Amino acid sequence: MKLKRQKHAKRILSFYKTHFNIQAPFQVLLDGTFSQAALRGKININEQLPKYIGPGVKLATTSCVLQELESIGKAVYGALVILKQFPVLPCGHKDRKQPLSANKCLQKMLGKDNPHKYFIATQDRTLTEHAASLPGTPLLFIYMNTVVLDKPSKHCHQVADELARGSVAPAEEQKGTILQLKRSAGLEEPQSKLIRRKKIKGPNPLSCKKSKKVDQKSTHVRKEGRNRHKRNKNKNMGTS
Ligand SMILES: [Zn+2]
């Protein structure tokens, strides 16, 4: 049974590694609900999590999580003591007059797309749903007194498929490389060709000016010739 569980976790971890480049050491953010459930189930998370998802796991929490437990008091004292043994990651809410709720704080830690590749360990439904909505966010919870690494959500699988097919828009730094590849494959016109074409399209200003001068001269000569002819005609008429 234990081996089956570990194989299951290994398969999920390899999915996250392949599609979202999540690699050991895994950074797990713990909240009060997870700690409380571990206490109830008599699970030593410090021992069990490395056995379950690998020896490189790093457990941590935030000051908002600790303060929330402190504010609740006696009922969650045990959960608070468990969490206090782990490092407290800076969440940026410590100096606020009122700390954020653990739920909001951990959502903020994940950001828009979990760039730090955190795992979330929680029993809180809202936080669970939020983590599931962010592709590449592994989720740990406790079920029947056992830690479980959740299967990636449907949305997570869809995004992984899109990434594998390369249909996701390329990142900014990839665009330059793509352009170079296109050029080397002859799919993109080099810039010099475009410039030459523009030159051909435009009229040559010098040739225009020249032709205008020639035209003016020639019409002037023609006009003068005509007048001279007229004058001669009049002269002839006058003498006769
Ligand atoms: Zn916080």
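Structure's up top.
Parameters and conventions
- Residues numbered from 1 in each chain as written.
- Predicted model: local features only at pLDDT ≥ 70, side-chain atom pairs only at ≥ 80, totals over all residues.
- Heavy atoms only, no water.
- Buried < 20%, exposed > 50% of the residue type's maximum accessible area, 1.4 Å probe, protein only.
- Helix = DSSP H or I, 4+ residues; strand = E, 2+ residues; numbered from the N terminus.
- Arc of directions from axis to C-beta.
- Contact = heavy atoms within 4.5 Å.
- Core = buried A, V, L, I, M, F, W, Y, C linked by side-chain atoms within 4.5 Å.
- Salt bridge = Lys/Arg side-chain N within 4 Å of Asp/Glu carboxyl O.
- Donors = N, O, S within 2.8 Å, 3.2 Å for Na, K, Ca; no water.
- Tetrahedral: all angles 85-135°; square planar, octahedral: opposite > 155°, others 65-115°.

1. Some words on helix α5 (residues 77-84)
Consideration 1: All buried positions along α5 are accounted for by Ala 79, Leu 80, Ile 82 and Leu 83. Buried positions in α5, seen along its axis, are confined to an arc of 160° and lie on one side of it.
Consideration 2: Residues of α5 that are buried sit in contact with β1 (27-30), α2 (32-40), α3 (45-53), β2 (58-62) and α4 (63-72).

2. Brief notes about the nonpolar core
Consideration 1: Ranked by internal contacts, the top residues of the largest apolar core, which has 55 residues, are Val 28, Leu 30, Ile 45, Ile 53, Phe 119, Leu 140 and Leu 149.
Consideration 2: Ignoring anything within four residues of it in the chain, the contact list for Ile 45 reads Leu 30, Phe 34, Ala 38, Pro 50, Leu 59, Ile 82 and Phe 86.

3. A word on the pattern of salt bridges
Consideration 1: All chains considered together, the criterion is met by one salt bridge.
Consideration 2: Lys 84 is the salt-bridge partner of Glu 70, the closest N and O atoms lying 3.5 Å from each other. On the criterion of sequence distance, the pair formed by Glu 70 in helix α4 and Lys 84 in helix α5 is long-range, its members being 14 residues apart.
Consideration 3: The class for Glu 70 is partly exposed, based on a relative accessible area of 42%.

4. Overview of the coordination of the zinc ion
Consideration 1: Surrounding the zinc ion are the protein donor atoms Cys 64 (SG), Cys 91 (SG), His 93 (ND1) and Cys 105 (SG), at 2.1 to 2.3 Å.
Consideration 2: Between the four donor atoms coordinating the zinc ion, the angles at the centre fall across 98 to 116°, so the site counts as tetrahedral.
Consideration 3: Binding-site remark: the zinc ion is held by donors from one chain whose sequence spacing is C-x26-C-x1-H-x11-C. Here Cys 64 is found in helix α4, whereas its partner Cys 105 is found in helix α6 (residues 102-110), with 41 residues between them in sequence.

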